[in-house]
Structure formats: structure tokens, C-alpha cells
Amino acid sequence: MELTKSEMEIMDVLWESGQPMSRADLLGRSEEKTWKDGSVHILLNGLLQKGAIHEAGMVKRSKTYGRVFAPSMSREEYFAQAVFSHRHKPEIVGLFEALLKRPDITREQLEQIAQLVEQRMG
């Protein structure tokens, strides 16, 4: 699944909120959007079709009800999937090596990664 820049902007708002949001909520929280307010329904439908979001219920707004949406995957799951769905897939060990060379990785994060690897090896 590949998301457009506008779809990523909506996903960022959903990921950062941590809770299902209506169209009105998304419009209110989308500060640096590159799309017009009237396009939000098109973007949401595209995200639904791609499986990036799902309907998470209904919410009452004044006299009407509207759908609320939630991400179908975390930000990290999306990027992991995106890397390996690309035509030029990286070699996994080389990818991890490159990620571990990043200077912004803390010792605590390295310890968490080591624990995850230990759990996986079981």
C-alpha cells in the first residue's frame, strides 16, 4: 500500500490523536494540510479502500450522526510494510544495520530492540 502526501497528512493526524476521529475532527486538527476541506471525504474513501483506516463507529454532531475513523495499523507497521512492498526490497539484515547506525538511536532503544530480538528467537 502506498499513500499519497495528502493521505499521509490525514494518517499523521489519526496516529497522533490515538483515538477515532470524525471528518470534522480531522479538519479541525489538520493544521499543515495541502488539500482543500472539501476533499476530505475523497481522501477518507481512498484510505478506506486501501485498508489504511477503518470505520470505528458513529458520533452524534448536533442533529446528525457521522462516522469516525481509526488507523488500521500503527505508523511503524505502515512504514515496515511500505519498505517491503516496494519493488526494490532491501535486504533485511542490511536495513537493520543501517537503522542501527543512526546517531539518534539511544541506548534504551537499543536495549528494547535487543529484547524484541530475544523474544522473537524464543
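A few points on the structure. Computed from a prediction, not measured in an experiment: that's the story for all the values here.

## Let's talk about the overall build of the protein chain
Okay, so step 1: Helices and strands together make up the secondary structure of the protein chain, namely 6 helices and 3 strands.
Okay, so step 2: The C-alpha atoms of the protein chain give 18 Å as radius of gyration, which overshoots the globular expectation for 122 residues (14 Å, by more than 25%).
Okay, so step 3: The dimensions of the protein chain, computed from C-alpha atoms along their principal axes, are 55 × 30 × 25 Å.
Okay, so step 4: Considering only intrachain contacts with a sequence separation of at least 6, the fraction spanning at least 24 residues in the protein chain is 48%.
Okay, so step 5: When the accessible surface of the protein chain is totalled, it reaches about 9000 Å², and 53% of it is carbon and sulfur.
Okay, so step 6: Each charge class in the protein chain can be summarised by its mean position, and for the 17 positive and 18 negative side chains these summaries are 8 Å apart.

## Examining the packing of aromatic side chains
Okay, so step 1: All chains considered together, the criterion is met by 2 aromatic pairs.
Okay, so step 2: Where W15 meets Y78, the ring centres are 6.2 Å apart and the plane angle is 40°; that geometry is what we call tilted. Taken together, the residues W15 in helix α1 (residues 5-17) and Y78 in helix α4 (residues 75-85) connect sequence positions 63 residues apart.
Okay, so step 3: With a centroid separation of 5.1 Å and an interplanar angle of 75°, the aromatic rings of Y78 and F79 are classed as edge-to-face.
Okay, so step 4: Counting every residue linked through ring pairs, the aromatic cluster contains W15, Y78 and F79.
Okay, so step 5: A cation sits over an aromatic face here: K33 above W35, 5.7 Å from the ring centre.

## Focus: the pattern of salt bridges
Okay, so step 1: Applying the stated rule across the entire model yields 8 salt bridges.
Okay, so step 2: Among the ionic pairs, R102 bridges to D104, the shortest N-O distance being 2.9 Å.
Okay, so step 3: Bridged by salt links that share partners, the residues D12, E16 and R75 form one connected network.

## Observations regarding α1
Okay, so step 1: Look at α1: 19 Å from first C-alpha to last across 13 residues, which is about the 18 Å you get at 1.5 Å a residue.
Okay, so step 2: Of all 13 residues making up α1, 10 are buried, and the element is well covered by its neighbours.
Okay, so step 3: Of the positions making up α1, those classed as buried are S6, E7, M8, E9, I10, M11, V13, L14, W15 and S17.
Okay, so step 4: Packing partners of the buried residues in α1 comprise β1 (21-22), α2 (23-29), α3 (40-50), β2 (53-61), β3 (64-71) and α4.
Okay, so step 5: Phi turns positive one or two residues past the end of α1, at G18, with a value near 70°.

Conventions and cut-offs
Residues numbered from 1 in each chain as written. Predicted model: local features only at pLDDT ≥ 70, side-chain atom pairs only at ≥ 80, totals over all residues. Heavy atoms only, no water. Helix = DSSP H or I, 4+ residues; strand = E, 2+ residues; numbered from the N terminus. Rg over C-alpha atoms; globule rule 2.2 N^0.38 Å. Contact = heavy atoms within 4.5 Å. Areas by Shrake-Rupley, 256 points an atom, 1.4 Å probe, with all protein chains shown as cover. Lys, Arg positive; Asp, Glu negative; His and termini not counted. Charge placed at Lys NZ, Arg CZ, Asp CG, Glu CD. Phe/Tyr/Trp six-rings, centres within 6.5 Å; stacked < 30°, edge-to-face > 60°. Lys NZ or Arg CZ within 6 Å of the ring centre and 35° of its normal. Salt bridge = Lys/Arg side-chain N within 4 Å of Asp/Glu carboxyl O. Expected span 1.5 Å × (residues − 1). Buried < 20%, exposed > 50% of the residue type's maximum accessible area, 1.4 Å probe, protein only.

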